[in-house]
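So the chains spell out like this:
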Amino acid sequence: PTTPGAEPSEPLATPDAPTTTATTPTPQAASHARSWTWLWWTVGGLAASGVVVALVWLVIVLTYSPERAWRVIRRRGLQTGCLTEGMSVRVAVARLGSRLGRDVGPGLERLRDHLEAARYGPPDATGSSYRGRDLWRLRQTVLRHLKP
């Protein structure tokens, strides 16, 4: 019990006085938090870049057409002297097939058949089913064998 004129042993809280129970972070803790933030932004940026590259590659490969593959193969054949200007697709494929061997020959013949059907077939014919990854592989194989 307190006497009427005595002061209390604990100070009373006033509404204007701020109460501080939290501690302020040390400079080391703030630096550590910044380094983690930088790391997450870096990892996120690299992951996003990887996704973009994968999507671009996927679109290119999946939309790769026989005409596009033939243009690249023909251009390389002309550069190496294996093909000449004015050569028909049939003659060019026969020459490339004889030069490149069995591992490329069937793919080139299939490409030739699709090109001839697309160029000389009826206009209402469906598009080529020989697309994308198979054409990309054929193109890469021919380019690897025909070095300028």
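Our structure is the block above this text.
None of the values given here were measured: they were computed from a predicted structure. (Residues numbered from 1 in each chain as written. Predicted model: local features only at pLDDT ≥ 70, side-chain atom pairs only at ≥ 80, totals over all residues. Heavy atoms only, no water.)

### Describing the nonpolar core
In step 1: With 22 residues, the main nonpolar core has Trp70, Ile73, Leu96, Leu108 and Val142 as its most contacted residues.
In step 2: Elements that contribute at least two residues to this core include exactly helix H2 (66–80), helix H3 (89–100), helix H4 (105–120) and helix H5 (132–145).
In step 3: At five residues, the largest contribution of residues to this core is made by H3.
In step 4: Discounting residues that sit within four places of it in the chain, Val142 has contacts with Ile73, Leu100, Val104 and Leu108. (Core = buried A, V, L, I, M, F, W, Y, C linked by side-chain atoms within 4.5 Å. Buried < 20%, exposed > 50% of the residue type's maximum accessible area, 1.4 Å probe, protein only. Helix = DSSP H or I, 4+ residues; strand = E, 2+ residues; numbered from the N terminus. Contact = heavy atoms within 4.5 Å.)

### Some details on the packing of aromatic side chains
In step 1: The tally for this structure, following the rule as stated, stands at zero aromatic pairs.
In step 2: The ring of Trp136 carries Arg139 above its face, with NZ or CZ at 4.8 Å from the centroid. (Phe/Tyr/Trp six-rings, centres within 6.5 Å; stacked < 30°, edge-to-face > 60°. Lys NZ or Arg CZ within 6 Å of the ring centre and 35° of its normal.)

### Considerations on the packing of H2 against H3
In step 1: For the pair H2 and H3, the least separation of the axes is 12 Å and the interaxial angle reads 65 degrees. Regarding the angle of H2 to H3, the classification is roughly perpendicular. Our pair here, H2 against H3, has a crossing hand that is left-handed. Every residue of H3 that contacts H2 at Trp70, Ile73 and Thr80 is listed here: Val89, Ala92, Val93, Leu96 and Arg99. (Axes fitted to C-alpha atoms, helices over the stretch in contact; angles between N-to-C directions. Parallel < 35°, antiparallel > 145°, perpendicular 65-115°, else oblique. Left-handed = near helix turned anticlockwise from the far one by under 90°.)

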